[in-house]
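# Residue-level structural notes
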Amino acid sequence: MSDSPFAEQPYQGIATFGRRTHTRDLTGADAAIVGIPYDGATSYRSGTRLGPRAIREQSLLLWGYNNALGVAPFDVLRVVDFGDVNVVPVDVQATHRAIEGEVSPVIAAGVRVVALGGDHSISLPLLRAHAAKFGPLAVVHFDAHPDTWDSEFGGQRYSHGTPFRRAIEEGLIDSTAYVQIGIRGPTAGPQDYEDARRLGARMITLDEALRIGPSAVIDEVRQRVGTRPLYTTLDIDAVDPAFAPGTGTPEVGGFTSHQMLELIRGLVGLNLVGADLVEVSPPYDHSQITAILAANLVFELLSVMAARKKTDQTVS
Ligand code: MN
Ligand code: MN
């Protein structure tokens, strides 16, 4: 924080996430915000390399107390802004190695990573890094798309449409506790959904989620995840493009902003060990509404982690 008496104003100062200290010194840290400014694995509109900076800027609008969960995450958790991973724009796999290389020591130090994307390909190295510490993970995956294609562009195995196929093949996900939520839109054929289900995903399509309602979705997630270490990956295109237009592969008819907030809050009490929020593409945003929503959803993820720590401290 600056010494300026006006430094608390959202339009002043340097934009770290939630005005947390920008440092790679993890002493005493509970959670680290890690930017991954990458869009080399997108298939349609690019621009997610600009996502982390836009989300950080809009995070300055966050006040500290989460009334819905009754927790002040920045008071309960020491959150640092780790800065950005050094990505390699022309090389997906080199970028993935850089992500895993920079994030693994953070996780090994017992610090929870919340990553700001970046396109969805970045979840693969993040899952590799988390599985190395926690073993196969329960995964809650919010998205309009299953992202379980085998390849894109004539055999490319590492795109933003393939990370969860690779993660399952590599044994990073406990597929009995892998839930996809918000899937919708036209596909090339029925095989896209069939593939995801065959890989073990419990797919709660957008239509099903709205039919049964958010609380039933949350109930099923909680029952499947149980006490397992949970990784949550949130593709902003799970939200309707009317609420989140700044994204690369929009699908009409998604969750409202409030439904998305409610679903994240429903993870409270689960053992959330890491998370990412991906696919925010500022060049297609308007009035920063997508980045504002993204910053708030990251705040909710941190609040879920903080509520759990608070409960653990009360119990012990
Ligand atoms: Mn998507
Ligand atoms: Mn995705």
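Above: the structure in question.
All of the points below concern the structure found in this document. The residue numbers shown here count from 1 along each chain, following its written sequence. Each chain gets a letter, beginning with A, and each ligand a number, beginning with 1, in the order they are written. Residue-level local features of this predicted model are given only where pLDDT is at least 70; pairs of side-chain atoms are given and counted only at 80 or more, and the full residue set underlies all totals for whole chains, interfaces and linings. As a rule here, side-chain values cover all heavy atoms of the structure and leave hydrogens and water aside.

### Brief notes about the sheet that holds strand β8 (residues 272–278)
What counts is decided by this rule: Pairing between two strands requires that DSSP report at least two bridges joining them. Secondary structure elements are defined from DSSP: runs of H or I of at least 4 residues count as helices, runs of E of at least 2 residues count as strands, and each element is numbered from the N terminus. Axes here refer to lines fitted to C-alpha atoms; in helices the fit is confined to the stretch in contact. Angles between the N-to-C directions go from 0 to 180 degrees. Contact criterion: two residues are considered in contact whenever any of their non-hydrogen atoms come within 4.5 Å of each other.
The parallel open sheet is built from eight strands, whose spatial order is β2-β1-β3-β8-β7-β4-β5-β6. Both edges of this open sheet fall to β2 (79–84) and β6 (202–205), since each of them pairs with a single strand only. The average undirected angle you get between the axes of adjacent strands in this sheet is 15°. Bridge analysis of strand β4 (residues 137–142) against strand β7 (residues 230–235) gives five bridges, and the strand direction is parallel. Within β7, the residue paired with H141 across the bridge is T233. Contacting β4, β5 (173–183), β6 and β7, helix α8 (residues 214–225) crosses the sheet at an angle of about 165° to β5.

### As for the coordination of the manganese ion (ligand 1)
Rules: Only nitrogen, oxygen and sulfur atoms count as donors, using a 2.8 Å cut-off from the metal that widens to 3.2 Å for Na, K and Ca. Water is left out, so coordination shells may look unfilled. Burial here depends on accessible area, computed with a 1.4 Å probe over protein chains only, as a share of the maximum for the residue type. Under 20% is buried, over 50% is exposed, and the range in between is partly exposed.
Every protein donor of the manganese ion (ligand 1) is listed here as D143 (OD), H145 (ND1), D235 (OD), D237 (OD) and D237 (OD), and their distances to the metal cover 2.1 to 2.5 Å. Each donor residue of the manganese ion (ligand 1) lies on one chain, and together they are spaced D-x1-H-x89-D-x1-D. A separation of 3.2 Å is found between the manganese ion (ligand 1) and the manganese ion (ligand 2), both of which receive a donor from D143. A relative accessible area of 0% places D143 in the buried class.

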